[in-house]
Amino acid sequence: MKRLIIFLILISACILFSDEFYEGIHGGMNFATMKVDQGEDPESINGYMFGIFLDKPISDNTAWSFGVNFSKKGYKQKRYFESDDIFYDQTNTYNYITLPLQFKLTSSRDEETNFFIGAGISTNFKISSKYEYKKEDGEKGDGDLDNVSLLELSAVFSSGFYINEFFKIEFIYDLGLTDLNSPTFGEDIKAKSRTASVLIGIIRVL
């Protein structure tokens, strides 16, 4: 843990005191689901992600990439309401502030095809978690999900290309590593997030 903190401090210092970096804003769609240990396999839901990014070139073909994002994750699953002997569809949503840090391999920006791939880790802080359900008889309900972990760690993998010096398209896969510990109606369901994102970024060079 201490080594990780020292590593993050060093990376932050490199970014703050760098002579050149690429910054910008990006946003797009999330296609989110979960790996759960109870009930039927969950369905994906559509969410969104937007935020800022900062890319610090290390060489012509490598860079560090840091971001601060708002990301909506979740899943939909058919559940069984035992007290009423009835099935219902439930959608759980989790809103996070995410702090991804990636190492990226890039082509030279002077080339015609400017692509990149990256991998790293993201620290995600939960800001809200809610559920909505609809029973077979049409009854609906919603509320807050209690006892959800405030912190999620995930591995992130990305690829994309620069359209020109001002715009980029990026594809990100976020693989949750930690259990969200989400009890649903008193039933503890272990869940780990799985989120694919398609983002469009606007770049500014400093």
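Fair warning: this is a prediction, and the values are worked out from it, not measured in the lab. (Residues numbered from 1 in each chain as written. Predicted model: local features only at pLDDT ≥ 70, side-chain atom pairs only at ≥ 80, totals over all residues. Heavy atoms only, no water.)

Peer 1: Hey, could you run me through the overall build of the chain in this one?
Peer 2: Per the secondary structure count, the chain includes 1 helix and 11 strands. Taken over 206 residues, the chain has a buried fraction of 43%. A total of about 11,600 Å² of accessible surface is found on the chain, and carbon and sulfur atoms cover 59% of it. (Helix = DSSP H or I, 4+ residues; strand = E, 2+ residues; numbered from the N terminus. Buried < 20%, exposed > 50% of the residue type's maximum accessible area, 1.4 Å probe, protein only. Areas by Shrake-Rupley, 256 points an atom, 1.4 Å probe, with all protein chains shown as cover.)

Peer 1: Is there a simple way to think about empty space enclosed by the protein in this case?
Peer 2: A probe matching the size of a water molecule, rolled over the atoms, marks out where space remains unfilled. For the coordinates displayed, the defined rule picks out 2 cavities of 30 Å³ or more. What the largest cavity holds in volume is close to 210 Å³. Along the walls of the largest cavity sit 22 residues, with Met49, Asn69, Pro100, Gln102 and Ile172 positioned nearest its centre. Looking at the lining of the largest cavity, the elements with two or more residues in it are β1 (22-36), β2 (45-57), β3 (62-81), β4 (86-106), β8 (167-176) and β11 (191-205). If you tally residues by element for the lining of the largest cavity, the top one is β3, at 6 residues. Residue classes in the lining of the largest cavity are distributed as 6 nonpolar, 11 polar and 5 charged. (1 Å grid on protein atoms, 1.4 Å probe; cavity = no way out; pocket = protein on both sides within 12 Å on 5 of 7 lines; lining within 4 Å. Points joined across faces, edges and corners; volume = space filled by probe spheres on them. Nonpolar A, V, L, I, M, F, W, Y, C, P; charged D, E, K, R; others polar.)

Peer 1: Whenever I open this one, the side chain of Glu152 confuses me. Can you help?
Peer 2: Position of Glu152 relative to the elements: it lies in strand β7 (residues 151-162). Exposure remark for Glu152: the relative accessible area of 0% places this residue in the buried category. A distance of 2.8 Å separates polar atoms of two side chains, one belonging to Glu152 and the other to Lys73. Not counting residues within four places of it along the chain, the set of residues in contact with Glu152 comprises Lys73, Tyr96, Ser122, Thr123, Asn124, Gly176, Thr178, Leu180 and Ser193. (Polar contact = N/O pair within 3.5 Å; in protein donor to acceptor, adjacent residues only side chain to side chain. Contact = heavy atoms within 4.5 Å.)

Peer 1: Looking at this structure, I do not really get the side chain of Asn30. What am I missing?
Peer 2: By secondary structure assignment, the location of Asn30 is in strand β1. Among the residues examined, Asn30 registers a relative accessible area of 0% and is labelled buried. Polar contacts involving the side chain of Asn30 include one to the main-chain carbonyl oxygen of Tyr48, which spans 3.2 Å. In this structure the side chain of Asn30 is engaged in a polar contact, spanning 3.1 Å, whose partner is the backbone oxygen of Lys72. If we skip the residues at most four places from it in the chain, Asn30 touches Ile45, Asn46, Gly47, Tyr48, Met49, Ser71, Lys72, Thr195, Ala196 and Ser197.

Peer 1: What should I look at first to understand the nonpolar core in this one?
Peer 2: Generally speaking, nonpolar side chains in soluble globular proteins are found buried as a group. Counting 12 residues, the largest nonpolar core is built from Met34, Val36, Tyr75, Tyr88, Tyr94, Tyr96, Tyr131, Tyr133, Leu145, Val148, Leu180 and Ala191. For this core, the element with the most residues is β4, which contributes 3 residues. If you look at the next biggest cluster of nonpolar residues, it comprises 5 residues, including Tyr22, Phe116, Tyr162 and Ile203. (Core = buried A, V, L, I, M, F, W, Y, C linked by side-chain atoms within 4.5 Å.)

Peer 1: Where do I start with the pairing of β7 in this structure?
Peer 2: Where a strand is regular, its side chains alternate between the two sheet faces. Relative to β7, strand β5 (residues 115-135) is paired through 11 bridges, and the arrangement is antiparallel. In the strand pairing of β7, Ile117 is matched with Ser159. Here β7 runs beside β8; their pairing, made up of 9 bridges, is antiparallel. Residue Ala155 lies in a different strand from β8, and its bridge partner there is Leu175. (Pairing = 2+ DSSP bridges.)

Scope: geometric values only; no functional claims are made or implied.
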